[in-house]
Each structure stands twice: as structure tokens, then as C-alpha cells.
Amino acid sequence: MPELLVLVAPPGATIQDAGRPGWLHAGVPPSGPLDATAHAAANLTVGNDARAAALEVPLGPVRIAAAGELMLSIDGERRVSLRDGAELFVPPCERAVRYVAVAGGFDVPLVLGSRATLAVAALGGFEGRAIRAGDRLPIGLARAAPAPTATPTIGEPGDPAVLQVMPGPHLHRLSPGALEQLLATTWQISPRSDRVGVRLEGAAIARRGDDRAPPVPMVRGAVQVTSDGTPIVLGPDHPVTGGYPVVAVVGRASQAMLARLRAKRAVRFALSEPPSTDRRSR
Amino acid sequence: MKIHPYGDGALYVDLEIDDAPDRADRTRNVAASLRERLPDGDVVIGAGSLAVFGVGGWDDLDGIIVEAMSASGLVVGEPRKHELRAIYDGPDLEDVARLTGSSVADVIALHCGREYGVELIGFLPGFAYLAPLDPRLVVGRRASPRPRVAPSSLAIAGAYTGIYPVGSPGGWQLIGRVLDVTLFDPGCDPPALLQPGDRVRFVRADA
């Protein structure tokens, strides 16, 4: 079977499929791509299932070589064929994260039903860790005739990017006006951000009460407010529970947009309607 | 009880029983009842709260939660019991003694002198929050977390004690380590050794 040889990779590049749903109760975060839209687009372009395992590359450049014949797409851009031994350089771009999908997908073992890497627990992906120069990543069997498929897109983020949120469940644990403060502030993406969470700078959200709240379930997109008032938007490798209050929750489409923003980019939050399937009246 | 939408794929249920002495049992009962009614859902247990993931549309989910809340006399079954061998040699043992105004020997005696219940699983795969800690041992987290805590480290923070299932960053106070135990194994069913409701005792392996 063909392999993809890693010549250069930035820190934190991991294999991700669509994620590992259904194991939150065992303490296992959802994992999966930071930007599910670009991940699916890259896969569909090479004829894979949208949920196949692709390489997620944050920030830096990556250089790869083909061992055997490979067909690739970066972020859903036009397909590239690589002959045995050919190299490909993927430069960094405006987006904070890019996806390299290979026809056939990365054939790493399924762990709890998923090929996604959870580096913090050394689980899944390629040896449970970020990939590095010298790794030989196994490629699965490509489908016979990849059909060109319409690929999903989201609008490019504006400046500031606007993220849709719903109010969180812990407003009573924050000062009155905390949600309004979140909505009124123009935030900046902190460089101290990763797959666990994106930290935001620009103001401190007023807290109330002590910080020893017991752990409660967390969700991807939750905007936690830490003890010093810093909001953190939880990412795909978030801890399953946490003690900080959740002021708001970023919706799915906006999670992909957030993932595209490099450090220092400006973001604002806007309230969205609750999901239309939500018929509760209380 | 309050039910909130939690992002666009989940519901959050605050049982509003934060200070109830039987909080863990009641939360676990509601979770068991919800799992029976929603076999495809992923029900996460928190301290007096729950979240329900992966059940698609929300039609009737409120009704199901209300029903689960009121289901009385639910038998969760005989708790599984674990005896874990521990060595109390953690790097924060002396800090904990100082912070609690006691001796290292007292800290150890207070920690291994009681049985704990697993209230919930969180933080990391298979990380069990064990309670109640003796009130005299309640201390905060370390001011700055360690970049890496060794697997099997035995730790305390707030009202809980727990064991790191894998090496990871961590801010809990490390008081020792547990021997010969795999807390999380994705090849096992269930993958987490300690389940909510299980009872745990620490037995000194260095005494």
C-alpha cells in the first residue's frame, strides 16, 4: 500500500477523521477537525467519504513525499497527483489550519471507532501523537473512480470575524451583564491557543463567587470564563468536564470559522436563535 | 431543574441540587434513567448536572428528562468495589500538610482512612472524581499547573481526589501514586475502570 512520507511538519499536526462521538461519558473528548468544513471539502475532492482521516496542519508549512502513487487535495483545492518519490510543499496561508486529504484516507487503526488523534491521552491517530519529520503514514485503498463532488464551504471570516453564540447555562454564576460584555467586546485571538481551546484577549469578564465550582459537562464551542476573566472557546480536544462557568456556546458553523483565524485576528460574538428543532417552552 | 440548549447539538440539565448530600446518587439515577430511554445518546454526568449529546432532534426530550427525574426507586445495582494500592510519596505532600495545618502522616491517614465514591468521569479519559474527601484535606489547585503529571499519580483538589490515567498537564496537588492499575484501556468494555457509583479504597503499599 502507498505511504505518505513526512519531510517537514509544524508542531501539532495530527491525523483527524470526523471525530470520536459517543464516548464523552468515559471522559473521551470528541476530537475531529478544528475546521470540519475544510476537512470535508478536502476529503470529498479526492473521492473519500467526507469523514475520512486527513492530516490537519496548524500554522506552519508541511513538506511531504509520496511512496507509491498518491492523489491529494489541500482544503478542497484542485486535486494533485504525486508519482512515487515526488514531493509536495504546502505553504502556510492566511488560514490558521489546513487539511491534506489523500485518496484512500490515512489507514491508521480505529480506536473507539475513530482514527482521530487525541494527543493529550496518546490515543488514536498515528501512534497517538502529532506527526513529525520521518513518519511514514499508511494510506488506505482509494475508491475506484472519485467523482467530482460539490464541496461544502463557509464564507471567509470578516474583520472582525463574527461568531454566532447561544447563551450558556451558567449566567447565574457570572456577574449580571457578563453575556452583554462578551457581545460588546472586540476580542483578539491569543497565540496561546490549541485544539483544547482558543483563548481570547481584550477584556476581563466579571466573575462572581468562588472558583471551586464542581465539575460539570463541557461541550465543544463552550465559552468558559477563567478565574481572571479570560474567555476560552473550547475546541475538539476539550476536557469533558470543567469547573469554569460557561457564558455562551459558539455554534457549529462558527467553530470552523474560528479555527481559520490566526493569532491577533479580531472576533466579535453575536447572539443566534436557539436551534429550530428546539421546541421547549419553559 | 433547568434545561438549557447546549450548543446546537446537546442539552444541559441543571438538577439544582448542588448542596444536596445525595447529589451524586441522584444525578446518577437520572443518568441511568435517561440512558434507558435514549440508548443512542451520550449522557455525561456532572456534579448535580448532566448533558445529553447525540440524540438528534429535541422533540419530547424535555418530557423524557422530567420523567427520568421523577422515576423513583430506581435500582442502580450493587456498587463495584476497588481496592487500589497506593504509595504516598507525591511531590506536593508537604505543601498539602502545610496548607492544611497538619503533618504528612495525618494527610496520609486522612486520605487512606475512608471509602470514596466515583461521582463522575471527566477531565481526561477515565479520570474518576472521587468524593468525599475529608474536609480537613480540602485545598485548592496548585497556583500554576505542571506541564506533565506522571500517569497513576494520586492527587487531590477541592473536595475530590483522583488518579491521572495518562501522563498529562495537571494542576492538582500530587500526594502519591497508585500501583498496578490501568485506569483507561480503549480495548476494554467499558474502557474506564472506575465508573460512576463505584466505591474505591486506597491501601498503603508502603506501610
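Residues numbered from 1 in each chain as written. Chains lettered and ligands numbered in written order. Predicted model: local features only at pLDDT ≥ 70, side-chain atom pairs only at ≥ 80, totals over all residues.

**Points about the interface of chain A and chain B**
As a measure of interface size, the accessible area lost when the parts come together is often cited. At the interface, 35 residues of chain A touch 39 residues of chain B. The residue inventory of the side of chain A that touches chain B, partitioned by class, reads 22 nonpolar, seven polar and six charged. (Contact = placed C-beta atoms within 7 Å. Nonpolar A, V, L, I, M, F, W, Y, C, P; charged D, E, K, R; others polar.)

**Describing the sheet that holds strand 8 (residues 97-102) of chain A**
Residue and element names in this part refer to chain A. Pairing is antiparallel in the open sheet, where five strands are placed in the order 2-3-8-5-6. The sheet is open, and its two edges are formed by strand 2 (14-16) and strand 6 (80-82), each paired on a single side. Neighbouring strand axes in the sheet, compared pairwise and without regard to direction, differ in orientation by 30° on average. With four bridges joining them, strand 3 (residues 54-58) and strand 8 adopt antiparallel strand pairing. (Pairing = 2+ DSSP bridges. Helix = DSSP H or I, 4+ residues; strand = E, 2+ residues; numbered from the N terminus. Axes fitted to C-alpha atoms, helices over the stretch in contact; angles between N-to-C directions.)

**Thoughts on helix 1 (residues 36-45) of chain A**
For an α-helix, the turn length of 3.6 residues means that residues three or four places apart are oriented alike. All names here are of chain A. With ten of ten residues buried, helix 1 lies mostly within the body of the structure. Turning to helix 1, its buried residues are Ala36, Thr37, Ala38, His39, Ala40, Ala41, Ala42, Asn43, Leu44 and Thr45. Packed against the buried residues of helix 1 are strand 2, strand 3, strand 5 (70-74), strand 8 and helix 3 (252-259). Of the residues flanking the end of helix 1, it is glycine 47, one or two places downstream, whose phi is positive at about 85°. (Buried ≥ 20, exposed ≤ 12 C-beta atoms within 10 Å, placed from the backbone.)

**Describing the confidence of the model for chain A**
Detailed reading of the predicted coordinates is not advisable wherever pLDDT is low. Counting all residues, the mean pLDDT for chain A is 92, and 93% of those residues have values of 70 or more. Contacts for the low-pLDDT stretch residues 276-282 of chain A, under 50 throughout, to residues beyond four places or in other chains number eight contacts. (pLDDT = per-residue confidence, 0-100.)

**Thoughts on the environment of alanine 266 of chain A**
Residue and element names in this part refer to chain A. Residue position: alanine 266 is located in strand 18 (residues 266-271). Accessibility expressed as a C-beta count within 10 Å gives 16 for alanine 266, which makes it partly exposed. Taking the C-alpha atoms as reference points, alanine 266 and glycine 158, separated by 108 residues in sequence, lie 9.0 Å from one another. Beyond its immediate stretch of four places on either side in the chain, alanine 266 contacts Asp159, Pro160, Thr186 and Gln188.

**Observations regarding the environment of alanine 259 of chain A**
Residue and element names in this part refer to chain A. In this fold, alanine 259 is placed in helix 3. Under the C-beta neighbour-count criterion, alanine 259 is labelled buried, with 26 such atoms within 10 Å. For the pair alanine 259 and proline 152, spaced 107 residues apart in sequence, the C-alpha separation works out to 16 Å. When neighbours within four sequence positions are excluded, alanine 259 is seen to be in contact with Leu34, Asp35, Ala96 and Val97.

**With respect to the pairing of strand 1 (residues 2-5) of chain B**
Residues and elements named next belong to chain B. Bridge count between strand 1 and strand 2 (residues 10-14): four bridges; the pairing is antiparallel. When the sheet's bridge partners are listed, proline 5 is paired in strand 2 with leucine 11. Count of turn residues in the strand 1/strand 2 antiparallel hairpin: four residues, of which glycine 7 carries a positive phi of about 70°.

**Focus: unusual backbone geometry**
In this chain, alanine 131 of chain B is followed by proline 132 of chain B through a cis amide linkage whose omega measures -5°. Looking at the element boundaries, proline 132 of chain B is found in the loop between strand 7 (128-131) and strand 8 (146-149). Aspartate 189 of chain B connects to proline 190 of chain B through a cis peptide bond whose omega is 0°. Within the secondary structure layout, proline 190 of chain B lies in the loop between strand 12 (173-178) and strand 13 (199-204). Despite not being glycine, leucine 59 of chain A shows a phi value in the positive range, around 65°.

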